Amino acid sequence: MAGNPERRAALVDAGVDVLAREGARGLTFRAVDSAAGVPVGTASNYFTGRDDLLRQIDARLHVRLAPDPEVLGALMAQPRDRSLVGAFMHDLMARATRDRTGYLALLEMRMEATRRPELRSSFTASVRGDLQDGMDFHRAAALPGGDETVVVLYLAMLGLLLEHLTLPAVLDGVLPGVSVPDGLIDRIVATVVPERP
């Protein structure tokens, strides 16, 4: 395997672009080479196969979609109440909207994991790890609500993100006077998160 980390990162990011645009069936080494603007055959020097590429895309998406440490630090200076949880959910939506390609690739990874048992196991562990990290963070930060609050927020935000980034017109005007996505995020938080810890 080739060892140029910058080239590997560029190939993985190109894989994210291909996955978001073409779906898993379009994710070939030739397509990744083309998206990265490198000679045909380059990707095959960096990855042992599609599963290896998909695992590295999974790891890269966690980096691309992770909270900005400065934003996180500023948010953590606020009172530990429902509005702070709302601010975290707005930040999540902003990150997914800014990197729509990354989030769509993440959704494609979910679909591909339903078809490939070898990917399902590692991707399930990755996503479950993220959920567990969210519950651990919520507890450690002494935010209102417990694990159940985090799981319900996770499910509600997953649905909102899916609709907003794939079929946004579905939500237009669904609740008169409630903006999409910001007003819906506020409604989710007000419905799910208790006022006090």
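Look up a bit, the structure's there.
About the criteria used
- Residues numbered from 1 in each chain as written.
- Predicted model: local features only at pLDDT ≥ 70, side-chain atom pairs only at ≥ 80, totals over all residues.
- Heavy atoms only, no water.
- Helix = DSSP H or I, 4+ residues; strand = E, 2+ residues; numbered from the N terminus.
- Buried < 20%, exposed > 50% of the residue type's maximum accessible area, 1.4 Å probe, protein only.
- Contact = heavy atoms within 4.5 Å.
- Areas by Shrake-Rupley, 256 points an atom, 1.4 Å probe, with all protein chains shown as cover.
- 1 Å grid on protein atoms, 1.4 Å probe; cavity = no way out; pocket = protein on both sides within 12 Å on 5 of 7 lines; lining within 4 Å.
- Points joined across faces, edges and corners; volume = space filled by probe spheres on them.
- Salt bridge = Lys/Arg side-chain N within 4 Å of Asp/Glu carboxyl O.
- Axes fitted to C-alpha atoms, helices over the stretch in contact; angles between N-to-C directions.
- Parallel < 35°, antiparallel > 145°, perpendicular 65-115°, else oblique.
- Nonpolar A, V, L, I, M, F, W, Y, C, P; charged D, E, K, R; others polar.

A.B. asks: For this particular structure, what's the right way to read the overall build of the protein chain?
C.D. replies: Counting its secondary structure elements, the protein chain contains 9 helices and 0 strands. Listing every helix and strand of the protein chain by position from the N terminus yields α-α-α-α-α-α-α-α-α. The principal-axis extent of the C-alpha atoms belonging to the protein chain is close to 55 × 35 × 30 Å. Out of the 197 residues in the protein chain, the part that is buried amounts to 39%. Here the contacts in the protein chain between residues at least 6 apart in sequence split such that 66% fall between residues at least 24 apart. Only carbon and sulfur atoms are counted for the fraction: they give 57% of the accessible area of the protein chain, which is about 10300 Å².

A.B. asks: I would appreciate a short explanation of the layout of surface pockets in the present structure.
C.D. replies: A probe as big as a water molecule, rolled over the atoms, marks out the empty space that is left. Reported here for the largest pocket is a volume of approximately 1000 Å³. Lining the largest pocket are 30 residues; nearest its centre among them are L92, R95, D130, G134 and Y154. Listing elements by their share of the lining of the largest pocket, those giving two or more residues are α3 (50-64), α5 (82-98), α6 (100-115), α7 (117-140) and α8 (147-166).

A.B. asks: Whenever I open this one, the pattern of salt bridges confuses me. Can you help?
C.D. replies: Pairing between side chains of opposite charge can happen when their charged atoms approach one another. Going through the model one piece at a time under the given rule, you end up with 12 salt bridges. We note a salt bridge from E112 to R115, for which the minimum N-O separation is 3.3 Å. Residue E112 and its partner R115 are both found in helix α6; the two are separated by 3 residues, about one turn of the helix. Since its relative accessible area comes to 43%, R115 is described here as partly exposed. For D147, the salt bridge is made with R139, and the minimal N-O distance between the two is 3.0 Å. Using a relative accessible area of 44% as the deciding quantity, one classes R139 as partly exposed.

A.B. asks: Which parts of the structure should I look at to understand the packing of helix α1 (residues 5-22) against α3?
C.D. replies: Relative placement of two packed helices is described by the angle separating their axes and the distance separating the axes. Look at α1 against α3: their axes get within 9 Å of each other, and the N-to-C directions meet at 90 degrees. Comparing their axes, α3 and α1 come out roughly perpendicular. Facing α1, whose interface residues are R8, V12, D13, G15, V16 and L19, α3 presents L54, Q56, I57, R60, L61 and R64. Residue composition of the contact of α1 with α3, grouped by class: 6 nonpolar, 2 polar and 4 charged.

A.B. asks: Quick question: what am I supposed to make of the side chain of E112 here?
C.D. replies: Exposure remark for E112: the relative accessible area of 6% places this residue in the buried category. In this structure, E112 is in contact with A24, R50, L54 and L119, ignoring residues within four places of it in sequence.

A.B. asks: What's the story with the environment of S44 in this structure? I'm lost.
C.D. replies: Among the structural elements, S44 can be located in the loop between α2 (29-36) and α3. With 16 residues separating them in the primary sequence, S44 and T28 have C-alpha atoms 9.8 Å apart.

A.B. asks: Explain the environment of I57 to me, please; I cannot follow it from the model alone.
C.D. replies: Among the secondary structure elements, I57 is positioned in helix α3. By relative accessible area, I57 is classed as buried at 0%. Separated by 48 residues in sequence, I57 and A105 have C-alpha atoms that sit 8.6 Å apart. The residues contacting I57, other than those within four sequence positions of it, are V12, G15, V16, L19, L27 and M109.

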